[in-house]
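If you want the building blocks of each chain, they are given just below.
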Amino acid sequence: MLSLALVPAAGADGTNYKWKDKEGNVHYTDCPPPPGCKAETVAAEPVPSEQQIRQARERLDKLLSEQEQSAAGREQDRLARQGQQVAVARKRACVSAQQNLHALLMNRPVYYINEEGERVFLDDAAHKAEIERQRQLVQDNCDNE
């Protein structure tokens, strides 16, 4: 019973051991290895002081803050790019609607090509409706140009 009480006390002094078992598995433990196993003592890291812990927390807080700022900056960049894409799409829609409206107002026959590749001419009612649709697109996309 005395020998069992000494085993835990051996690791209580802060000594750590590294050893391999018969299968070649490496073990790290604060208890001495079984008899017949060659062991190395491994130096344990000292317990950090309160000041070291405080400094580590401050560094961590600073890194987390920088990470949050970086993420916020990336989100602003993404929103700016998205806004630019919307502006470009609106500008394209504006130019297209202005060109279409100009062509419609020339009082020439207007047609489109259907799925069979045939010309389909707009009647007067469809022509007027298309003019109004293009005017609305100009109003919606051209920012009062």
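Treat the numbers as computed from the prediction; the structure is a model and nothing was measured.

Visitor: What exactly am I supposed to notice about the pattern of salt bridges here?
Guide: Opposite charge on two side chains permits them to pair, given that their charged atoms come into close proximity. Counted according to the given criterion, the structure contains four salt bridges. The partner of R78 in a salt bridge is E75, with the nearest N and O atoms 2.7 Å apart. In this pair, R78 and E75 both sit in helix α2 (residues 50-104), three residues apart, roughly one turn of the helix. For R78, a relative accessible area of 37% gives the class partly exposed. The partly exposed category is assigned to E75, whose relative accessible area is 35%. Residue E132 is joined to R135 by a salt bridge in which the shortest nitrogen-to-oxygen separation is 3.2 Å. With a gap of three residues between them, E132 and R135 both fall in helix α3 (residues 124-141), about one helical turn apart.

Visitor: Whenever I open this one, the pairing of strand β1 (residues 16-20) confuses me. Can you help?
Guide: Two faces make up the sheet, and in a regular strand the side chains alternate between them. The side-chain alternation of β1 yields one buried face, formed by Y17 and W19, and one unburied face, formed by N16, K18 and K20. Summarising the sheet, β1 and strand β3 (residues 39-42) pair through four bridges and their orientation is antiparallel. Of the residues in β3, the one forming a bridge with N16 is V42. For β1 and strand β2 (residues 26-29), the ladder comprises four bridges, and the chain directions are antiparallel. Looking at β2, one finds that K20 is bridged to V26.

Visitor: Would you take a moment to explain the nonpolar core for this structure?
Guide: By size, the foremost hydrophobic cluster in this structure holds seven residues: C94, A97, L101, L104, I131, V138 and C142. Taken together, the elements giving at least two residues each to this core come down to α2 and α3. Take this core: its biggest share by element is four residues, from α2.

Visitor: Explain the state of the cysteines to me, please; I cannot follow it from the model alone.
Guide: Two cysteines joined by a covalent bond between their sulfur atoms form a disulfide. With the rule as written, the count across this model stands at one disulfide. With a sulfur-sulfur separation of 2.0 Å, C94 is cross-linked through a disulfide to C142. A torsion of 115° about the S-S bond marks the disulfide between C94 and C142 as right-handed. In this pair, C94 is assigned in helix α2 and C142 in the segment after α3, connecting sequence segments 48 residues apart.

Visitor: I tried to follow the side chain of Q134 on my own but got confused; where do I start?
Guide: Along the chain, Q134 turns up in helix α3. Leave out the neighbours within four places in its chain, and Q134 touches S96, A97, N100, L101 and L104.

Visitor: How should the sheet that holds β2 be read in this particular structure?
Guide: Sheet strands pair by backbone hydrogen bonding; their relative direction is either parallel or antiparallel. Strand order across the open sheet formed by three strands is β2-β1-β3, with antiparallel pairing between neighbours. Strands with a single pairing partner mark the edges of an open sheet, and in this sheet they are β2 and β3. In this sheet, neighbouring strand axes are inclined to one another by 25° on average, regardless of whether the strands run parallel or antiparallel.

Procedures and definitions
Residues numbered from 1 in each chain as written. Predicted model: local features only at pLDDT ≥ 70, side-chain atom pairs only at ≥ 80, totals over all residues. Heavy atoms only, no water. Salt bridge = Lys/Arg side-chain N within 4 Å of Asp/Glu carboxyl O. Helix = DSSP H or I, 4+ residues; strand = E, 2+ residues; numbered from the N terminus. Buried < 20%, exposed > 50% of the residue type's maximum accessible area, 1.4 Å probe, protein only. Pairing = 2+ DSSP bridges. Core = buried A, V, L, I, M, F, W, Y, C linked by side-chain atoms within 4.5 Å. Disulfide = S-S within 2.5 Å. Contact = heavy atoms within 4.5 Å. Axes fitted to C-alpha atoms, helices over the stretch in contact; angles between N-to-C directions.

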